[in-house]
Amino acid sequence: MDWPSVLDPFATINLPLADWANDWMRWLTSNYRSVFQAIKAIVKLALDLVEDGLRNTPQTLLLVFFTAFAWQIVNRATAILVFCAMATIGIIGAWDPAMTSLAVLVTAVSISTLVGLPLGILCSRVNWVWGIVRPALDFMQTIPSFTYLVPVILLFGIGNVPGVIVTAFFATPPLVRLTNLGLREVRADLVEAADAFGVSPMKRLWSIELPLARPVIMAGINQTVMLSLAMSVIASMISVAGLGRLVLVGISQLDLARASVGGLGIVLLAIVFDRVTQGFGFTRRDRGNLGLWEHGPIGWLRASFKPHGRFKS
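My aim in this report is to walk through the structure given alongside it, one point at a time. If you're wondering where the values come from, they're calculated on a predicted model, not measured in any experiment.

This part takes up the overall build of the chain. In terms of helices and strands, the chain carries 15 helices and 0 strands. Its C-alpha atoms give the chain principal-axis dimensions of roughly 95 × 60 × 40 Å. Taking the contacts inside the chain whose residues are at least 6 apart along the sequence as the reference set, 72% of them involve residues at least 24 apart. A total of about 17600 Å² of accessible surface is found on the chain, and carbon and sulfur atoms cover 69% of it. Mean positive and mean negative side-chain charge positions of the chain (24 and 18 charges, respectively) differ by 12 Å.

Next comes the structure, spelled out in structure tokens:
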């Protein structure tokens, strides 16, 4: 028996994981490059649409829209907070980078929602799918965020579009987990009652389960938004424009002013999105027994044309 090899086994046993990873990446790029280019083109189309809309709209109109939207979804206090935060972003000279970051964020969160929500619903319905997806989510949430950049660069290149893709991939796991959790926690007696009345599974999902699980699902979307903002600085390493690039350039050049502007802009955007996305999880009870369209600016307008209309901020 070779005792040195027994005492020091890893000197002779070597799993060629690095070679396998390189071979797999070469196989993907050589056989499916057209697929990845098609994905990139679709994401670029969506990103350009959002970014052009944000950049071509006058700043005052955007500020009014953001404020009114926050008032409608949450309440007047949140609207004031959103107005102050967005106005501060403009005053410190970070409006244009913030709009780029906002476009990347909106596009990435939209992709995460389109992928994560159906996958979470499927996981709540089929246990064996959840058994496969759960370890993958564990891996995605524990792997260092910088590691995501390597395959994205090899498959999609650099720029804003790869930044959207890597951000969406990084931010999707919480939405899948919390969608699955929210649907599994729906009271069984309500589901049984719906089945007893002959409600179809699809109608039961849309009319009973998703509304009851909405607060938990919206918490997942909130976490997805926060992770997307956290990824903005890391994604700037692959030439993604926006507030993250200001921070990265400030760090690399020891420029405290530029890094402070970018960092403050990211913080303010995070506060705005955190407060607004929480509002999507509000129930009718949270709004003082009022529907979504019975308060805020729309509720105010409706009440203005009704003699005894009720209105709350």
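All right, on to the environment of L45 then. On the secondary structure map, L45 appears in helix α3 (residues 33-56). On the basis of relative accessibility, which here comes to 64%, the residue L45 falls in the exposed class. Each C-alpha atom of the pair L45 and V161 lies 9.4 Å from the other, and the pair is 116 residues apart in sequence.

Buried within helix α8 (residues 149-156) are the following residues: L149, V152, L155 and F156. End-on, the buried residues of α8 take up no more than an arc of 140°, which puts them together on one face. The first or second residue beyond α8 is G157, which carries a positive phi of 90°.

On to the layout of surface pockets. Of the voids in this model, the largest pocket is the one considered here, and its volume is about 840 Å³. Around the largest pocket, the lining comprises 29 residues; the ones closest to its centre are M140, Y148, V152, I165 and F169. Secondary-structure elements contributing two or more residues to the lining of the largest pocket are α2 (17-31), α3, α6 (95-125), α7 (127-142), α8 and α9 (160-171). The residue makeup of the lining of the largest pocket, split by class, is 26 nonpolar, 3 polar and no charged. The wall of the second largest pocket is formed by 23 residues, among which F69, L102, V106, F273 and V276 lie closest to the centre. Broken down by secondary-structure element, the contributors of at least two residues to the lining of the second largest pocket are α3, α4 (59-73), α5 (76-91), α6, α12 (201-235) and α14 (256-280).

Looking now at the packing of α4 against α5. Packing of α4 against α5 brings their axes to within 7 Å, and their N-to-C directions diverge by 155°. Viewed along their axes, α4 and α5 adopt a mutual orientation that is roughly antiparallel. Relative to α5, the crossing made by α4 is right-handed. Of the residues in α5, those in contact with L63, F66, T67, A70 and W71 of α4 are R76, T78, A79, V82, F83, M86 and A87.

Now for the pattern of salt bridges. Counted according to the given criterion, the structure contains 10 salt bridges. With its nearest N and O atoms 2.8 Å apart, the salt bridge here joins D48 to K44. With D48 and K44 both in helix α3 and 4 residues apart, this pair spans about one turn of that helix. On the accessibility criterion, K44 (42% relative accessible area) is partly exposed. Residues joined by salt bridges that share partners form a network here, namely R125, D195, R204 and E209.

The full count for this structure, using the stated rule, is 1 cavity of 30 Å³ or more. In this structure, the largest cavity occupies an estimated 140 Å³ of space. Along the walls of the largest cavity sit 17 residues, with S101, V104, S228, S232 and V240 positioned nearest its centre. Among the elements of the structure, α6, α9, α12, α13 (243-252) and α14 are those that each provide at least two residues to the lining of the largest cavity.

Within the secondary structure, G120 sits in helix α6. Taking the C-alpha atoms as reference, G120 lies 4.3 Å from V176; in sequence the two are 56 residues apart. Apart from the residues within four sequence positions on either side, G120 is in contact with V176, T179 and N180.

A few words on the side chain of N180. Looking at the secondary structure, you find N180 in helix α10 (residues 173-184). At 3.2 Å, the side chain of N180 forms a polar contact with the backbone nitrogen of S124.

Conventions and cut-offs
- Residues numbered from 1 in each chain as written.
- Predicted model: local features only at pLDDT ≥ 70, side-chain atom pairs only at ≥ 80, totals over all residues.
- Heavy atoms only, no water.
- Helix = DSSP H or I, 4+ residues; strand = E, 2+ residues; numbered from the N terminus.
- Contact = heavy atoms within 4.5 Å.
- Areas by Shrake-Rupley, 256 points an atom, 1.4 Å probe, with all protein chains shown as cover.
- Lys, Arg positive; Asp, Glu negative; His and termini not counted.
- Charge placed at Lys NZ, Arg CZ, Asp CG, Glu CD.
- Buried < 20%, exposed > 50% of the residue type's maximum accessible area, 1.4 Å probe, protein only.
- Arc of directions from axis to C-beta.
- 1 Å grid on protein atoms, 1.4 Å probe; cavity = no way out; pocket = protein on both sides within 12 Å on 5 of 7 lines; lining within 4 Å.
- Points joined across faces, edges and corners; volume = space filled by probe spheres on them.
- Nonpolar A, V, L, I, M, F, W, Y, C, P; charged D, E, K, R; others polar.
- Axes fitted to C-alpha atoms, helices over the stretch in contact; angles between N-to-C directions.
- Parallel < 35°, antiparallel > 145°, perpendicular 65-115°, else oblique.
- Left-handed = near helix turned anticlockwise from the far one by under 90°.
- Salt bridge = Lys/Arg side-chain N within 4 Å of Asp/Glu carboxyl O.
- Polar contact = N/O pair within 3.5 Å; in protein donor to acceptor, adjacent residues only side chain to side chain.

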